[in-house]
Amino acid sequence: MMTAKRITDEVALWNAFRGGDHEAFTLIYRSYVNLLYNYSTSITQDRELIKDCLHDLFVELWKNHQNLGETTSIRYYLMASIKRKLVRHLETQQRQTLHHEGYYVENPDFVGSHENRLVAFEEEQKFNHVLSESFRFLTKRQREAISLKFFHDMDTDQISNKMNINPQSVYNLIFGALKTLKQHMGTEQLAFA
């Protein structure tokens, strides 16, 4: 059972963070990030997705700290937040998978033989791996801009607002990122540029 002192401390810590206290934010991060990571593994085993979602969660918390509501349990607030974020990502991945499967059902001529499907699947897996490896050469801001543009379907103005930079900087980040990806992947593989 949680004591009144502990509740008061958590409320005070949360309110300090909501008021813009960076030390309170750091304390919240250090106190809960490992707990949230371990909790997230009960939702998905995709460790990279978990790390990305945790990063996004804490970035969004800091960006929106003034607009956050009150809580008497930081732990449960953060657990609910990371669960929502992970479930949204997993649902998006599932919708994309169903969309691709639906395409093959709607276009049976395209499907071809079992061997052709296996080859196509292996090529797609190889491409995804090469793309993933190429992302290592991008800066953090470039990865964020590319993710918002191509994986979240945001336009330049939306990205500009989300990243808190001007539209020209968005163009520069995306152009630089695509140039780097082309160098590491080869232009024939990077058709979406």
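Residues numbered from 1 in each chain as written. Predicted model: local features only at pLDDT ≥ 70, side-chain atom pairs only at ≥ 80, totals over all residues. Heavy atoms only, no water.

Re the confidence of the model for the protein chain
The predicted model of the protein chain has a mean per-residue pLDDT of 80, with 81% of residues at 70 or higher. Counting interchain partners and residues more than four positions distant, the pLDDT-below-50 stretch residues 187-193 has eleven contacts. (pLDDT = per-residue confidence, 0-100. Contact = heavy atoms within 4.5 Å.)

Concerning the pattern of salt bridges
Going through the model one piece at a time under the given rule, you end up with four salt bridges. In this structure, Lys51 engages Glu48 in a salt bridge whose closest nitrogen and oxygen atoms are separated by 3.8 Å. With Lys51 and Glu48 both in helix 3 (residues 47-63) and three residues apart, the pair spans about one turn of that helix. The partly exposed category is assigned to Lys51, whose relative accessible area is 44%. Residue Lys85 is joined to Glu60 by a salt bridge in which the shortest nitrogen-to-oxygen separation is 3.0 Å. (Salt bridge = Lys/Arg side-chain N within 4 Å of Asp/Glu carboxyl O. Helix = DSSP H or I, 4+ residues; strand = E, 2+ residues; numbered from the N terminus. Buried < 20%, exposed > 50% of the residue type's maximum accessible area, 1.4 Å probe, protein only.)

Looking at the packing of helix 2 (residues 22-40) against helix 3
At a minimum axis distance of 11 Å, the contact between helix 2 and helix 3 shows a crossing angle of 155 degrees. In this view, helix 2 runs roughly antiparallel relative to helix 3, as classed from their interaxial angle. Helix 2 and helix 3 meet at a crossing whose hand is right-handed. Residues His22, Phe25, Ile28, Tyr29, Val33, Leu36, Tyr37 and Ser40 of helix 2 pack against Arg47, Ile50, Lys51, Leu54, Leu57, Phe58 and Trp62 of helix 3. Residue classes in the contact of helix 2 with helix 3 are distributed as eleven nonpolar, two polar and two charged. (Axes fitted to C-alpha atoms, helices over the stretch in contact; angles between N-to-C directions. Parallel < 35°, antiparallel > 145°, perpendicular 65-115°, else oblique. Left-handed = near helix turned anticlockwise from the far one by under 90°. Nonpolar A, V, L, I, M, F, W, Y, C, P; charged D, E, K, R; others polar.)

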